[in-house]
Amino acid sequence: MKYLLLSLFISFASLGAKEYKVIYDCSSSDANYIKSRMWLVGKTADMMQENGDSSKVILTIHGGCVAMVSKDYEMIVPDEDLKSIQKAQEYLKSLSKRKNVKIIACAMSLGVNAIEVEEVLPFVEVSKNSFIDTIKYQNEGYALMTFK
């Protein structure tokens, strides 16, 4: 009887829970904006969890946004943007520790920005073309949120 009641409770509790699937696409070169968006991705995931919902989060990084995935970003980021990119990278590292977050950087954008694959943070997956990844995840039902 206790098992039945527990099962019913869990079933009813999960009825209101939702699963969110989202792909955040960052191509911005504005360091302050990138920093604020990385914070917002984490805050949004926290809010989903607080509501009892689950989420699957993909973060694709390309264009001017790729500097934050470099171990040596100081060499490619203007001095006035260093603090913002440093903070963005801290947020990114924190996001990477979540089991429901996958971070992907575009190899083409890395090349254009003179970032070698060996310089990319170890938790970042490198993709040949993040546009293809974005399309794939959208086809799988992920909502697209862009940071331009």
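Look above for the structure.
What comes next is a walk through the structure. (Residues numbered from 1 in each chain as written. Predicted model: local features only at pLDDT ≥ 70, side-chain atom pairs only at ≥ 80, totals over all residues. Heavy atoms only, no water.)

**Considering the overall build of the protein chain**
Part 1: Summing up its helical and strand segments, the protein chain has five helices and five strands in all.
Part 2: Reading the secondary structure of the protein chain in the N-to-C direction produces α-β-α-β-α-β-α-β-α-β.
Part 3: Among the 148 residues that make up the protein chain, the fraction classed as buried is 37%.
Part 4: On the protein chain, roughly 8,900 Å² of surface is accessible, and the fraction owed to carbon and sulfur atoms is 56%. (Helix = DSSP H or I, 4+ residues; strand = E, 2+ residues; numbered from the N terminus. Buried < 20%, exposed > 50% of the residue type's maximum accessible area, 1.4 Å probe, protein only. Areas by Shrake-Rupley, 256 points an atom, 1.4 Å probe, with all protein chains shown as cover.)

**Notes on the packing of aromatic side chains**
Part 1: All told, the structure shown has three aromatic pairs when counted by the stated rule.
Part 2: Seen in terms of ring centroids, Tyr33 and Phe147 are 6.5 Å apart; in terms of plane orientation they differ by 85 degrees. Their pairing is edge-to-face. Residue Tyr33 is found in helix α2 (residues 31-50), and its partner Phe147 is found in strand β5 (residues 143-147); the two are separated by 114 residues along the sequence.
Part 3: Joined through ring pairs, the aromatic side chains of Tyr24, Tyr33 and Phe147 make up one cluster.
Part 4: Its end group placed over the ring of Tyr137, Lys136 keeps NZ or CZ at 4.4 Å from the ring centre. (Phe/Tyr/Trp six-rings, centres within 6.5 Å; stacked < 30°, edge-to-face > 60°. Lys NZ or Arg CZ within 6 Å of the ring centre and 35° of its normal.)

**Structural notes on the pattern of salt bridges**
Pairing is possible between side chains of opposite charge, provided their charged atoms come close.
Part 1: The final tally for this structure, using the stated rule, is four salt bridges.
Part 2: Across the pair Lys87 and Glu90 runs a salt bridge whose closest N-O atoms are separated by 3.3 Å. Of this pair, Lys87 and Glu90 both sit in helix α3 (residues 82-96), three residues apart, which is roughly one turn of the helix. (Salt bridge = Lys/Arg side-chain N within 4 Å of Asp/Glu carboxyl O.)

**A few points about the pairing of strand β3 (residues 101-106)**
Part 1: Within β3, five of the six residues are buried, which leaves the element mostly enclosed by the surrounding structure.
Part 2: In this sheet, β3 lies alongside strand β2 (residues 54-61) in parallel orientation, the contact comprising five bridges. Residue pairing in the sheet places Thr60 in a bridge with Ile104 of β3.
Part 3: Running through α3, the crossover from β2 to the neighbouring parallel element β3 is right-handed.
Part 4: In this sheet, strand β4 (residues 125-127) lies alongside β3 in parallel orientation, the contact comprising three bridges. Across the sheet, the residue bridging to Ile104 is Glu125, located in β4. (Pairing = 2+ DSSP bridges. Right-handed = clockwise from strand over helix to strand, strands pointing away.)

**Considerations on the nonpolar core**
Part 1: Ranked by internal contacts, the top residues of the largest apolar core, which has 30 residues, are Ile34, Met38, Ile61, Met68, Val69 and Leu92.
Part 2: Mapped by element, the contributors of at least two residues to this core are β1 (19-26), α2, β2, α3 and β3.
Part 3: The contact partners of Met38, leaving out residues within four places of it in the chain, are Leu59, Met68, Ala88, Tyr91, Leu92, Leu95 and Phe147.
Part 4: Residues Ile58, Ile104, Tyr137 and Tyr142 belong to the second largest nonpolar core, which totals five residues. (Core = buried A, V, L, I, M, F, W, Y, C linked by side-chain atoms within 4.5 Å. Contact = heavy atoms within 4.5 Å.)

**Topic: the sheet that holds β1**
Part 1: Spatial strand order, β4-β3-β2-β1-β5: five strands in an open sheet with parallel pairing. Each edge of the sheet is formed by a strand with only one pairing partner; in this case those strands are β4 and β5. Strand-to-strand twist in this sheet, taken as the mean axis angle between neighbours without regard to direction, amounts to 25 degrees.
Part 2: Both β1 and β5 contribute to a ladder of five bridges, which runs parallel. (Axes fitted to C-alpha atoms, helices over the stretch in contact; angles between N-to-C directions.)

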